[in-house]
Amino acid sequence: MTVVLKLGGSVITEKDEPETVDRTALSAAVSAIAESAVGEDIVVVHGGGSFGHHHAAEYGVSTTEGTHDVDGVQAIHGAMCRLNAAVVDALSEAGVPAVPVHPFSAAARDADGDLSLPTAQVTTLLAEEFVPVLHGDLVAHAGAGATVLSGDELVVELASAVDANRVGVCSTVPGVLNEDGTVIDRIEAFEAVASALGGSDATDVSGGMAGKVRALLALSAPAVVFGPDALPAFLAGESPGTTIAGDDDW
Ligand SMILES: Nc1ncnc2c1ncn2[C@@H]1O[C@H](COP(=O)(O)OP(=O)(O)OP(=O)(O)O)[C@@H](O)[C@H]1O
Ligand SMILES: C=C(C)CCOP(=O)(O)O
């Protein structure tokens with residue numbers, strides 16, 4: 001049983017305060033991971049929150065708008081490495097054998113925007129009983145300089161690379177919400193929920209909930225979107241919040 005879990009940047013940071021970790025939320029998430037029966041069979045991905053998105057917005061960089069500004073690259077990637085170090089440190093302190101993996105050092109997009117992400121280091125680290133911790137980052141992009149690589153895109157790539165049985169996306173909301181604010185139980189097609197889906201309440205250059213649902217629909221494994229309180233339940237094998245099932249599903 002291999003799990004890919006994304007911790008939303010808006011969960012583990014104070015999304016409106018530049019480069020500020022939400023220590024209470026991070027330690028709750030870390031405890032849930034450390035105490036779960038999933039053990040070392042987990043790949044953790046985290047998003048940008050007030051680290052990546054803040055700088056990306058300042059330099060006008062998104063998943064499609066690139067930059068050749070080296071200061072911008074260093075600011076955005078550097079901030080994500082600082083957040084990654086905070087997540088890895090917190091997991092290590094809780095006894096989880098967490099190790100950092102930085103996507104900017106390995107991935108690239110071609111001129112059509114198609115991503116290639118080497119994953120042999122992730123699968124090997126997993127087999128060697130480490131817990132790889134990746135993060136939303138920048139990525140070299142042919143013809144565009146560097147663009148944002150969202151944690152949601154990483155989740156999709158990693159889920160197939162590690163043959164994940166379960167994919168969890170922990171965000172600040174209890175699931176994908178309908179227009180009336182209720183949690184949608186299950187999503188099978190983007191069109192069916194498109195009108196309810198917006199971007200993000202906070203600074204977010206990678207598409208907010210609409211981008212998330214689109215990316216997760218591409219998966220063959222079922223993906224679950226839930227809020228921070230439901231993380232222990234997800235790790236215990238339950239499917240709280242919204243289940244997003246792609247075409248290949250059940
Ligand atoms: N229909 C919807 N249901 C739930 N959330 C929605 C919906 N439409 C828009 N949103 C927004 O999407 C946000 C979640 O996406 P966001 O990308 O901000 O979260 P995240 O992945 O936790 O953070 P990050 O991108 O920093 O990793 C919610 O906080 C909410 O503002
Ligand atoms: C803004 C950057 C660099 C990372 C974005 O990752 P996300 O928060 O998962 O969308």
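The structure presented is a predicted model; accordingly, all values stated were derived computationally and were not measured.

What to know about the pairing of strand β6 (residues 131–135)
At step 1: Of all the five residues making up β6, five are buried; the element is thus mostly covered by neighbouring parts of the structure.
At step 2: Neither face of β6 is left uncovered, since the one carrying V131, V133 and H135 and the one carrying P132 and L134 both have all their residues buried.
At step 3: Examined bridge by bridge, strand β2 (residues 42–46) and β6 share three bridges and lie parallel to one another. What sits directly across from V44, in β6, is V133.
At step 4: With three bridges joining them, strand β3 (residues 98–100) and β6 adopt parallel strand pairing. By the bridge assignment for β6, V99 is matched with P132.

Thoughts on the UniProt feature "binding site: substrate" (unreviewed entry) in the protein chain
At step 1: Here the UniProt-annotated "binding site: substrate" (unreviewed entry) positions come out as G48, H53 and G151. Spanning 104 residues, the named residues form one tight spatial group whose C-alpha atoms are at most 11.8 Å apart.
At step 2: Relative to the assigned elements, H53 resides in helix α3 (residues 49–58).
At step 3: One can find G151 in helix α6 (residues 151–161).
At step 4: Setting aside anything within four residues of it in sequence, one finds G151 in contact with K6, V45 and G136.

Brief notes about the environment of F234
At step 1: With respect to the helices, strands and loops of the structure, F234 is situated in helix α9 (residues 231–235).
At step 2: Sequence separation between F234 and V167 is 67 residues; the distance between their C-alpha atoms is 9.3 Å.
At step 3: If sequence neighbours within four positions are ignored, F234 has contacts with V3, L5, R166, V167, G168, V224, F226 and P240.

Section: the packing of α6 against helix α8 (residues 208–217)
At step 1: Relative orientation of the contacting elements α6 and α8 amounts to 10°, with a least axis distance of 9 Å. Classified by the angle their axes make, α6 and α8 are roughly parallel. Residues D152, V155 and V156 of α6 lie in contact with α8, whose contacting residues are K212, A215 and L216.
At step 2: Taken together, the residues that form the contact of α6 with α8 break down as four nonpolar, no polar and two charged.

Brief notes about the nonpolar core
At step 1: Ranked by size, the top nonpolar core spans 38 residues in total, and within it V167, V176 and V213 carry the most contacts.
At step 2: Of all the secondary structure elements, the ones that give two or more residues to this core are β2, α5 (120–127), α6, β9 (166–170), α7 (190–193), α8 and β11 (223–226).
At step 3: With six residues, α8 is the largest single contributor of residues to this core.
At step 4: V30, V88, A90 and F226 belong to the second-largest nonpolar core, a separate cluster that totals 34 residues.

Things to note about the sheet that holds strand β7 (residues 137–141)
At step 1: Read from one edge to the other, the open sheet built from four strands follows the order β5-β4-β7-β8, with strand pairing classed as mixed. A strand with exactly one partner marks an edge of an open sheet, and here the two such strands are β5 (115–116) and β8 (145–149).

Rules and cut-offs
- Residues numbered from 1 in each chain as written.
- Chains lettered and ligands numbered in written order.
- Predicted model: local features only at pLDDT ≥ 70, side-chain atom pairs only at ≥ 80, totals over all residues.
- Heavy atoms only, no water.
- Buried < 20%, exposed > 50% of the residue type's maximum accessible area, 1.4 Å probe, protein only.
- Helix = DSSP H or I, 4+ residues; strand = E, 2+ residues; numbered from the N terminus.
- Pairing = 2+ DSSP bridges.
- UniProt positions renumbered as here; feature names shortened; annotations may be inferred.
- Contact = heavy atoms within 4.5 Å.
- Axes fitted to C-alpha atoms, helices over the stretch in contact; angles between N-to-C directions.
- Parallel < 35°, antiparallel > 145°, perpendicular 65-115°, else oblique.
- Nonpolar A, V, L, I, M, F, W, Y, C, P; charged D, E, K, R; others polar.
- Core = buried A, V, L, I, M, F, W, Y, C linked by side-chain atoms within 4.5 Å.

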